[in-house]
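Remarks on the overall topology
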Amino acid sequence: MRYLLSKKSHNAVNLLSIVSVVGVAVATAAMVIVLSVFNGFSDLAKSKLSMIDPDFLVSPATGKVIADADSLSRAISALPGVASASPVVSEQALIVKSDAQMPVNVMGIAPDEVAATGLRAITIDGEPIVEILDIDGSPLSGFPTVMLSIGVANEIGLRSDVENFVKLYVPKRRGRINTANPMTAFRGDTLIVSGVYCVDQAEYDADMVIIPLPTARRLLDYRHGEASGIRVHLDGTVAPSKAAASIGRSAGDAVRVLDREAQQQKSFSMIRIEKWVTLLMLVFILIITSFNIISAIYILRVEKQGNMNVLRAMGATPGMIRNIFAWQGRLITVAGGLIGIVIGSALVLAQQQFGLIRLRGANPSAFTIESYPVRLQGGDLLIIMAIIIVIALLTSYIATFSSKKQ
């Protein structure tokens, strides 16, 4: 500690020690900030997905169909902490309007799902309804309705209007196919566009349409009670983990219970991969910075040659002398790491509280948030501190090895 804080006879030693501490501090602060930014974007993705994704999705463990989805939904709805549970049908289809057409993902939902989800909050045109009703309560013109994502609406040039009809085609699931007439391999229906939604999430905005559950079952030739999944919403009275366990016991081994992150596993896996790859690159920068520490220790060893001779004369063992330089490297690394963690955490908390760095562009209204999202996570700080300790031990080992040659 005395060698770390005392003034050296050569300014180069002082300068190298300061540069080493600053380098470690800057690299450590960068790691704290970058990991916090990835945490913030992950939270943002979860909040956007929650507007459409249910708290849990019960899906078949094998195959694509739950045979008794209606009765299973009623059983799940009766569980503690469950606000609602309703079947859902999901499949791929082709949407056609005049000369425009595109492949889409179809999601057939029950009427109560409109209230249970955030469809109304993300509807930017029209109404989030699954049927357009006439004055007498009957379906207008006898046609079911469809909600388009903003990507589909832009691709085929549609807005919500009772005069906007689209056709939806899906491959037949049952029955024989006439190879001489390929159109017999498809089932189709005509629908009215009731609304357009935007959730600012590519998985939902690019190619998804929402239709009534009965229409989806009829179009996809699902038998009564069949569905491709069950959407479960919680009421907040029971912890999600306990609710998931009770849903799993009620549903049995034939199905899987997926939370919001598991429902969008690819998206969140990509965020995690980017997060840790970025951390790895910053670790390499920190390792390169630690070479300054090795240089500072080597110059200090040369400067303290006389002190080392005195210590030997007083009976100091070679191991005691080597430990002096080993601890010097550890102290420089840990001091820089602690300073970097404090600075990085302070900047993240300031951004989190005041939004100092804002998102800017040619069209600011296109952004759904005003500032970069960040979230400080204790687990990330522990990982960063562990990395610093490992580098400190590595640096001290190199310093000890070089002292052994003396």
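None of the values given here were measured: they were computed from a predicted structure.

1. Topic: the overall build of the protein
- Helices and strands together make up the secondary structure of the protein, namely 14 helices and 10 strands.
- Residues counted as buried form 45% of the 406 residues belonging to the protein.
- Once local pairs closer than 6 in sequence are excluded, the contacts in the protein between residues at least 24 apart make up 79%.
- Element-wise, carbon and sulfur atoms account for 62% of the exposed surface of the protein, whose accessible area totals about 20900 Å².

2. Examining helix α8 (residues 213-220)
- Taking burial as the measure, the 8 residues of α8 include 6 buried ones, the bulk of the element.
- Along α8, the positions that sit buried rather than exposed are Leu 213, Thr 215, Ala 216, Arg 217, Leu 219 and Leu 220.
- Looking at the buried positions of α8, the neighbouring elements they touch are α3 (69-77), β2 (82-97), β3 (100-109), β6 (165-171), β7 (186-197) and β8 (208-212).
- Following α8 by one or two positions, Asp 221 adopts a phi angle in the positive range, close to 60°.

3. Quick look at the confidence of the model for the protein
- The pLDDT averaged across the protein works out to 82; a share of 84% of its residues lies at or above 70.
- Taking the mean pLDDT of every element in the protein, the minimum, 62, falls on helix α1 (residues 2-5) and the maximum, 93, on strand β1 (residues 56-60).

4. Here we look at the pattern of salt bridges
- On inspection of all chains with the given rule, the structure shows 6 salt bridges.
- When the shortest N-O distance is used, the salt bridge between Arg 217 and Asp 70 registers 2.8 Å. Note that Arg 217 is positioned in helix α8 and Asp 70 in helix α3, a separation of 147 residues in sequence.
- Given the relative accessible area of 12%, Arg 217 is considered buried.
- For Arg 218, the salt bridge is made with Asp 189, and the minimal N-O distance between the two is 2.5 Å. Taken together, the positions of Arg 218 in helix α8 and Asp 189 in strand β7 put the pair 29 residues apart, joining distant regions of the chain.

5. Looking at the packing of aromatic side chains
- Enumeration according to the criterion identifies 1 aromatic pair in this entry.
- The interplanar angle of 85° and the centroid separation of 6.3 Å between the aromatic rings of Phe 41 and Tyr 372 together place this pair among those described as edge-to-face. Here Tyr 372 lies in the loop between α13 (318-354) and α14 (378-404) and Phe 41 lies in helix α2 (residues 11-49), a separation of 331 residues in the sequence.
- A residue is classified by how much of its surface remains accessible, and Phe 41, at 32% relative accessible area, is partly exposed.

6. Here we look at helix α9 (residues 240-251)
- With 12 residues, α9 ought to run about 16 Å at 1.5 Å a step, and its terminal C-alpha atoms sit 16 Å apart, in line with that.
- One or two positions beyond α9, positive phi appears at Gly 252, with a value near 90°.

7. Considerations on the nonpolar core
- In this structure, Ile 76, Ile 95, Leu 148 and Val 232 are the most contacted members of the largest nonpolar core, which totals 43 residues.
- Sort the elements by how many residues they give to this core and β2 lands first, with 5 residues.
- One finds Val 21, Leu 279, Leu 300 and Ile 341 within the second-largest nonpolar core, a separate group that totals 26 residues.

8. Considering the pairing of β6
- Because side chains alternate across β6, one face comprises the buried residues Val 166, Leu 168 and Val 170, and the other comprises Phe 165, Lys 167, Tyr 169 and Pro 171, none of which is buried.
- Pairing geometry for β2 and β6, over 3 bridges, is antiparallel. In the sheet register, Leu 94 faces β6, and the bridge partner there is Tyr 169.
- Bridging between β6 and β7 involves 7 bridges; their strand directions are antiparallel.

9. Comments concerning the side chain of Ser 20
- Structurally, the position occupied by Ser 20 is in helix α2.
- Within the structure, the side chain of Ser 20 is placed 3.3 Å from the backbone oxygen of Asn 292, a separation counted as a polar contact.

10. Observations regarding the environment of Ala 29
- Residue placement: Ala 29 occurs in helix α2.
- Overall, the relative accessible area of 9% leaves Ala 29 in the buried class.
- Separated by 314 residues in the primary sequence, Ala 29 and Ile 343 have C-alpha atoms spaced 6.1 Å apart.
- Filtering out sequence-adjacent residues up to four positions away, Ala 29 remains in contact with Gly 340 and Gly 344.

11. Examining unusual backbone geometry
- With phi around 55°, Ser 98 is a residue other than glycine that occupies positive phi space.
- Along the chain, Ser 98 turns up in the loop between β2 and β3.
- Of note, Asp 221 is a non-glycine position whose phi angle comes to about 60°, a positive value.
- Inspection of the secondary structure assignment puts Asp 221 in the loop between α8 and β9 (229-234).
- Of the residues examined, Asp 221 reaches a relative accessible area of 24% and is grouped as partly exposed.

Rules used throughout
Residues numbered from 1 in each chain as written. Predicted model: local features only at pLDDT ≥ 70, side-chain atom pairs only at ≥ 80, totals over all residues. Heavy atoms only, no water. Helix = DSSP H or I, 4+ residues; strand = E, 2+ residues; numbered from the N terminus. Buried < 20%, exposed > 50% of the residue type's maximum accessible area, 1.4 Å probe, protein only. Contact = heavy atoms within 4.5 Å. Areas by Shrake-Rupley, 256 points an atom, 1.4 Å probe, with all protein chains shown as cover. pLDDT = per-residue confidence, 0-100. Salt bridge = Lys/Arg side-chain N within 4 Å of Asp/Glu carboxyl O. Phe/Tyr/Trp six-rings, centres within 6.5 Å; stacked < 30°, edge-to-face > 60°. Expected span 1.5 Å × (residues − 1). Core = buried A, V, L, I, M, F, W, Y, C linked by side-chain atoms within 4.5 Å. Pairing = 2+ DSSP bridges. Polar contact = N/O pair within 3.5 Å; in protein donor to acceptor, adjacent residues only side chain to side chain.

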